[in-house]
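# Tertiary structure, described
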Amino acid sequence: MALASTEKVVLGSIAFAIFWVLAVFPAVPFLPIGRTAGSLLGAMLMVVFGVLTPDQAYAAIDLPILGLLFGTMVVSIYLERADMFKYLGMMLSWKSKGAKDLLCRICLISAISSALFTNDTSCVVLTEFVLKTARQHNLPPHPFLLALASSANIGSSATPIGNPQNLVIAIQSKISFGNFLIGILPAMLLGVFVNALILICMYWKLLSIQKDEEDVPVEVFSQEEMNAHRFSPATLSHNSLSYDSLDLSSRLELMAVQSPHHMNGNLGHVEALRNRAISSETEIRKDPIVTLDSARNSNASKEAAKDVSTQVKEETILSKRFASMDRLIDKLSVRSSEGKEAFTTKWKKLLWKSCVYLVTIGMLIALLMGLNMSWTAITAALALVVLDFKDARPSLEKVSYSLLIFFCGMFITVDGFNRTGIPSTLWDLMEPYSRIDHVSGIAILAIVILVMSNLASNVPTVLLLGARVAASAAAISAADEKKAWLILAWVSTIAGNLSLLGSAANLIVCEQARRAPQFGYTLSFWSHLKFGVPSTLIVTAIGLALIR
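Residues numbered from 1 in each chain as written. Predicted model: local features only at pLDDT ≥ 70, side-chain atom pairs only at ≥ 80, totals over all residues. Heavy atoms only, no water.

### Quick look at the overall build of the protein
Counted only if it meets this: In DSSP terms, a helix is any run of H or I states spanning at least four residues, a strand is any run of E spanning at least two, and both are numbered starting from the N terminus. Burial status follows relative accessibility: with a 1.4 Å probe on protein chains alone, a residue under 20% of its type maximum counts as buried, one over 50% as exposed, and anything between as partly exposed. The contact definition used throughout considers only heavy atoms, calling two residues in contact when any of these lie within 4.5 Å. Only the protein chains shown count as cover for residues, and the accessible areas themselves come from Shrake-Rupley with a 1.4 Å probe.
A tally of regular secondary structure across the protein gives 24 helices and 0 strands. A total of 548 residues make up the protein; the buried ones form 48% of that total. Nonlocal contacts in the protein, meaning residues at least 24 apart in sequence, comprise 78% of its contacts between residues at least 6 apart. Total accessible area on the protein stands at roughly 27,500 Å², and carbon and sulfur atoms take up 65% of it.

Written out as structure tokens, the structure reads:
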């Protein structure tokens, strides 16, 4: 593609430069509007400057990527509600031997999950969890966030469904899933190992500092709550009864029917108390007769009156104790009802969790089968919304819509920059020196892909260079054509680790980390670049030597 008119080249470059500056420095002093607004500003300038028409700007928005990102965000929200993070934390923290061991585990799990779930999904799901784990172990989150993002990019290179650019390459090259995996898997595994080694070497001192772990809050009952859940009739007096024996008997029989099995022991004691109450009442009913007969025989009316008065007092005391026992039985009834409700709720929650995991596994199988990635993710997300059978607003409000808007603006801005002809002109200059039948040609091709992937994004780079690189390699041999496609997939993906703007996974980790409640952390452009440059160059070189 030839260069556009001088006016479009200059104006398009200005619009792209404004977008790039605001994306790299969201709080730049002269225009502190942030990344999202900066991407929209760059897109708007492309249209206002005439580099793109409004229709071209709308067409530049990659809806499949936005749909995939939205779907994976929703799925991750429901996975969090289903306690996936808790189980994942148990797997990562199980017998952990320190910060370095934890970093290696994050690299491995991030890489494998990215190959199966895409790198965007892995970063959405794992970012906040990595922050929580680092805080729990009282460790700085910076190296662990870098491990997550970089390993997600490296791992996603192994499969056609690992990232959007691999999907484009798989469709255009018609390379099967198995051949794609076999061709890049060795490079991916060694790349993850070397990437973790680089992180450990760069942050050795930081990871070697021994700090006490923060106390993990443990849910315990207060003494009052514990007492409220205890019931021991053996501690009560045998006179602790309520009202009359018939009413007490009926209440205890009702309790025997309604109470769960774990209260049978308590009710056995209550039954003993009921028998004592009946015996006491029988004795009380016999006592008046004896008292009246002795009064007639002795003709001592005053003594009889005194005995009757004593009897009334005893019955009053007994009535009060019967009332106390009645209140206790009412409490037991309430506890029994609450126990049944808790049991039912527990099984409903367990069933719902199982459905969430099954839907997620189904989404994974569909992706492995090569079905449309974005619609598969959206379908899984909507299936979870329906299965939840509740208002989805609280869950959907957790979606990072500002990130989706950022991508919309970025697609338009990058497409406008591509239409200036600058990226394609760069390739036209380098193509004669980028033949893959020579080591020097492979090195130059890798450098071109690295630069263009970071300037124009990896997906547009693949769309622009894919057919050209394949045609150049096909002139040599069919095997070289396949190798050229795999090199393009490897380098364009690993190029995402060079800078913070290199891939969507980096931006997701950055935005998710910044917006995480209570664990917010800002991953700066320069801190990422300090690690990204050596890691990208070394890992890329390793992959180029192993890809066949």
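### Describing unusual backbone geometry
In the Ramachandran plot, Phe389 falls in the positive-phi region, its phi being about 55 degrees despite a non-glycine side chain. Among the secondary structure elements, Phe389 is positioned in the loop between α16 (373–388) and α17 (393–396).

### So, the UniProt feature "transmembrane region" (unreviewed entry) in the protein
So the rule is basically this: UniProt positions are given in the numbering used here, feature names are shortened, and annotations may be inferred rather than shown by experiment.
According to UniProt, the feature "transmembrane region" (unreviewed entry) maps to residues 9–27, 59–79, 180–204, 356–387, 399–417, 438–456, 486–509 and 529–547 in the numbering used here. The distance from the first to the last C-alpha atom of residues 356–387 is 8 Å, and the span holds 88% helix and 0% strand. In residues 529–547, helix accounts for 95% and strand for 0%; the two terminal C-alpha atoms are 26 Å from one another.

### Quick word on helix α8 (residues 142–156)
Our working definition: Expected helix span is computed as 1.5 Å times (number of residues minus one).
Over its 15 residues, α8 extends 21 Å from the first C-alpha to the last, a length consistent with the 21 Å expected when each residue adds 1.5 Å. Counted residue by residue, α8 has 15 buried out of 15 residues, so it is predominantly covered.

### Regarding the nonpolar core
We apply this condition: For our purposes a nonpolar core is just a set of buried Ala, Val, Leu, Ile, Met, Phe, Trp, Tyr and Cys residues, chained together by side-chain atoms within 4.5 Å.
Residues Leu103, Phe144 and Trp490 are the most contacted members of the largest nonpolar core, which totals 128 residues. Contact partners of Phe144, with chain neighbours within four places excluded, come to Ala99, Leu102, Leu103, Ile106, Val130, Ala134, Leu139 and Leu207.

### Observations concerning the packing of aromatic side chains
Where we set the bar: Each aromatic pair joins two rings of Phe, Tyr and Trp (for Trp, the six-membered one) with centres within 6.5 Å, and gets the label stacked for planes under 30 degrees apart, edge-to-face for over 60, and tilted for any other angle. Two thresholds decide whether a charge sits over a ring: the Lys NZ or Arg CZ must be within 6 Å of the ring centre and within 35 degrees of the ring normal.
One pass over the full model with this rule turns up 6 aromatic pairs. A connected cluster of aromatic rings, assembled from ring pairs, spans Phe16, Phe19, Phe406, Phe407, Phe411 and Phe417. Seen from the ring of Trp204, Lys100 lies directly overhead, with NZ or CZ sitting 4.4 Å from the centre.

### Some thoughts on helix α4 (residues 63–81)
Compared with an ideal rise of 1.5 Å per residue, which puts 19 residues at 27 Å, α4 spans 27 Å between its outermost C-alpha atoms and is within 8% of the ideal. Most of α4 is tucked away: 14 of the 19 residues are buried. Looking one or two residues beyond α4, the residue adopting positive phi is Asp83, at roughly 65 degrees.

### Some details on empty space enclosed by the protein
Where empty space is left becomes clear once a probe the size of a water molecule has been rolled over the atoms. Operational definition: Using protein atoms alone on a 1 Å grid, points that fit a 1.4 Å probe yet trap it form a cavity, whereas open point sets bounded by protein on both sides within 12 Å along at least five of seven lines form a pocket; residues with an atom within 4 Å of a point count as lining. Grid points are joined across faces, edges and corners, and a volume is the space filled by probe spheres set on the points. We call Asp, Glu, Lys and Arg charged. Ala, Val, Leu, Ile, Met, Phe, Trp, Tyr, Cys and Pro are nonpolar, and the rest, Gly among them, are polar.
Applying the stated criterion across every chain, the model contains 5 cavities of 30 Å³ or more. If you add up the space inside the largest cavity, you get close to 180 Å³. When residues of the lining of the largest cavity are traced back to their parent elements, those giving at least two are α7 (119–136), α9 (164–173), α18 (401–419) and α21 (458–474). With 3 residues, α18 is the largest single contributor of residues to the lining of the largest cavity. Here the lining of the largest cavity is built from residues that sort into 8 nonpolar, 8 polar and 1 charged. Lining the second largest cavity are 10 residues, and of these Phe19, Met410, Asn454, Leu455 and Leu501 lie nearest its centre.

### Observations regarding the packing of helix α6 (residues 99–117) against α8
A packed helix pair is summarised by two numbers, namely the angle formed by the two axes and the spacing between the axes. Which entries qualify depends on this criterion: Axis definition: a line fit to C-alpha positions, over the contact stretch in the case of helices; interaxial angles, taken between N-to-C directions, run 0 to 180 degrees. The cut-offs work like this: below 35 degrees is roughly parallel, past 145 is roughly antiparallel, 65 to 115 is roughly perpendicular, and the gaps in between are oblique. When the near helix sits turned anticlockwise from the far one by under a right angle, the crossing is termed left-handed; a clockwise turn instead gives a right-handed crossing.
The interhelical angle for the contact between α6 and α8, taken along N-to-C directions, is 30 degrees, at an axis separation of 7 Å. The angle between α6 and α8 falls in the class roughly parallel. Like other packed secondary-structure pairs, α6 and α8 cross with a definite hand, here right-handed. Along the contact surface, α6 presents Ala99, Leu102, Leu103, Ile106, Cys107, Ser110, Ala111, Ser114 and Ala115, while α8 presents Pro143, Phe144, Ala147, Leu148, Ser151, Ala152, Gly155 and Ser156.

### Section: the packing of α18 against helix α23 (residues 504–515)
In contact at an axis separation of 11 Å, α18 and α23 are set at 145 degrees when each is read in the N-to-C sense. Of the two elements, α18 crosses α23, and the hand of that crossing is right-handed. Here Ser402, Leu403, Phe406 and Phe407 of α18 come into contact with α23, specifically with Ala504, Leu507, Ile508, Glu511 and Arg515. Grouping the amino acids of the contact of α18 with α23 by side-chain chemistry returns 6 nonpolar, 1 polar and 2 charged.

### Considering the environment of Ala383
Summarising the element assignment, Ala383 is placed in helix α16. The spatial distance from the C-alpha of Ala383 to the C-alpha of Val75 is 9.5 Å, given a sequence separation of 308 residues.

### Overview of the pattern of salt bridges
Applicable threshold: When a carboxyl oxygen of Asp or Glu is within 4 Å of a side-chain nitrogen of Lys or Arg, the pair counts as a salt bridge.
Enumeration over the complete set of coordinates arrives at 5 salt bridges. Of the charged contacts in the structure, one is a salt bridge between Arg81 and Asp388, with a shortest N-O distance of 2.8 Å. With a gap of 307 residues between them, Arg81 in helix α4 and Asp388 in helix α16 connect regions that are remote in the sequence. The exposure class of Arg81 is partly exposed, given its relative accessible area of 27%. Classification of Asp388 by relative accessible area gives buried; the value is 8%.

### Observations regarding the environment of Ile378
Inspection of the secondary structure assignment puts Ile378 in helix α16. Measuring from C-alpha to C-alpha, the distance between Ile378 and Met73 comes to 9.7 Å, with 305 residues separating the pair along the chain.

### Brief notes about the state of the cysteines
Stated formally: Criterion for a disulfide: a pair of cysteine sulfur atoms at a distance within 2.5 Å.
Per the counting criterion, the structure on display carries 0 disulfides. Take Cys104: it sits in no disulfide, and the sulfur closest to it among the cysteines is that of Cys107, at 6.3 Å. By relative accessible area, which is 33% here, Cys104 ends up partly exposed.

### Some words on a nonpolar patch on the surface
Operational definition: Residues enter patches when they are more than 30% accessible in relative terms and free of salt bridges; like-charged ones are connected within 9 Å and nonpolar ones (Val, Leu, Ile, Met, Phe, Trp, Tyr) within 5 Å.
Residues Leu358, Ile361, Ile365, Met369 and Leu371 make up a contiguous nonpolar surface patch of about 530 Å² in total accessible area. Inspection of the secondary structure puts Ile361 in helix α15 (residues 301–368). The class for Ile361 is partly exposed, based on a relative accessible area of 47%.

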